[in-house]
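# Tertiary structure, described
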Amino acid sequence: LIVPMVWALLLLQEEEEQLVPPLPFCLAGFLVGGGALMPYMIVRRPKDTVDPSSFPAGLKLFETPIGPAVLTFLSAVVLISFAVEISHSSWTVEWEIFVGRLFHSQFTSLALFDFIMISCTILDPIMDDAKRR
């Protein structure tokens, strides 16, 4: 859920100047994964300027100094809970289970491919956001 949330925060800022609104693609990204965002990335146009006053209230939170801290805290809670859960078992056993599922489960293969694709294509919106700031 963290990656689609980051996508939504980046893409919803540029909604006015796009040919297609990003909201349906962002919502679909939460439901079916990053593959739903790929069609939007094809028709997306880069935006050079941003007006923070036009952001919805949820996005304005992340433009304040406390917003990134909240997102970082939530991410840390998720990662720490994962680390606590995985610390009760052996990494080698977990890795063997993952590799076994990767080769025998279409869902696991698709989820990994989806994660790799969304991680690669998020760089363009991040770079556009960095240029605006």
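The model shown is predicted, which means the values in this text are computed figures rather than measured ones.

## Digging into the overall build of the chain
A count of helices and strands for the chain gives 8 helices and 0 strands. Scanning the chain from its N terminus toward the C terminus, one meets helices and strands in the order α-α-α-α-α-α-α-α. Counting all 133 residues of the chain, 28% fall into the buried class. If you take every contact in the chain between residues at least 6 apart in sequence, the share linking residues at least 24 apart comes to 67%. When the accessible surface of the chain is summed, it comes to about 8900 Å², and 74% of that surface belongs to carbon and sulfur atoms.

## Let's talk about a nonpolar patch on the surface
A grouping of Leu61, Ile66, Val70, Phe73, Leu74 and Val77 is seen on the molecular surface, where their side chains present a nonpolar patch of about 530 Å² in accessible area. For the nonpolar patch, the leading source of residues is helix α5 (residues 66–87), giving 5 residues. When you line up the elements, Leu61 lands in helix α4 (residues 57–63). For Leu61, a relative accessible area of 38% puts it in the partly exposed group.

## Things to note about the confidence of the model for the chain
On average, the chain scores 78 in pLDDT, and the residues at 70 or more come to 86%. Helix α8 (residues 123–132) is the least confidently modelled element of the chain, averaging 70 in pLDDT, while helix α6 (residues 91–104) averages 85, the highest of any element.

## Looking at the side chain of Arg44
Within the secondary structure layout, Arg44 lies in the loop between α3 (38–43) and α4. Taking relative accessible area as the criterion, Arg44 reaches 8% and is therefore assigned buried. Setting aside chain neighbours within four positions, we find Arg44 in contact with Leu11, Glu14, Gln18, Asp124, Pro125 and Asp128.

## Quick word on the packing of α6 against helix α7 (residues 106–121)
Relative orientation of the contacting elements α6 and α7 amounts to 100°, with a least axis distance of 5 Å. Relative to α7, α6 is oriented roughly perpendicular. Only Gln106, Thr108, Ser109 and Leu112 of α7 make contact with α6, whose side of the interface consists of Phe98, Arg101, Leu102 and His104. Per-class residue counts for the contact of α6 with α7 are 3 nonpolar, 4 polar and 1 charged.

## Overview of the packing of aromatic side chains
Tallied over the entire structure, the rule returns 2 aromatic pairs. Ring geometry for Trp95 and Phe98: centres 5.7 Å apart, planes at 40°, overall tilted. Taken together, the positions of Trp95 and Phe98, both in helix α6 and 3 residues apart, correspond to about one turn of that helix. Exposure remark for Trp95: the relative accessible area of 56% places this residue in the exposed category.

## Notes on the packing of helix α1 (residues 2–11) against helix α2 (residues 23–32)
The relative placement of two packed helices comes down to the angle between their axes together with the axis-to-axis distance. Between α1 and α2, whose axes approach to 9 Å, the crossing angle comes to 180°. One way to sum up the angle between α1 and α2 is to call them roughly antiparallel. Contacts between α1 and α2 involve Pro4, Met5, Ala8 and Leu11 from the former and Cys26, Gly29 and Phe30 from the latter. Here the contact of α1 with α2 is composed, by residue class, of 6 nonpolar, 1 polar and no charged.

Here is what the cut-offs are and how they apply
Residues numbered from 1 in each chain as written. Predicted model: local features only at pLDDT ≥ 70, side-chain atom pairs only at ≥ 80, totals over all residues. Heavy atoms only, no water. Helix = DSSP H or I, 4+ residues; strand = E, 2+ residues; numbered from the N terminus. Buried < 20%, exposed > 50% of the residue type's maximum accessible area, 1.4 Å probe, protein only. Contact = heavy atoms within 4.5 Å. Areas by Shrake-Rupley, 256 points an atom, 1.4 Å probe, with all protein chains shown as cover. Patch = residues over 30% accessible without salt bridge, like charges linked within 9 Å, V, L, I, M, F, W, Y side chains within 5 Å. Salt bridge = Lys/Arg side-chain N within 4 Å of Asp/Glu carboxyl O. pLDDT = per-residue confidence, 0-100. Axes fitted to C-alpha atoms, helices over the stretch in contact; angles between N-to-C directions. Parallel < 35°, antiparallel > 145°, perpendicular 65-115°, else oblique. Nonpolar A, V, L, I, M, F, W, Y, C, P; charged D, E, K, R; others polar. Phe/Tyr/Trp six-rings, centres within 6.5 Å; stacked < 30°, edge-to-face > 60°.

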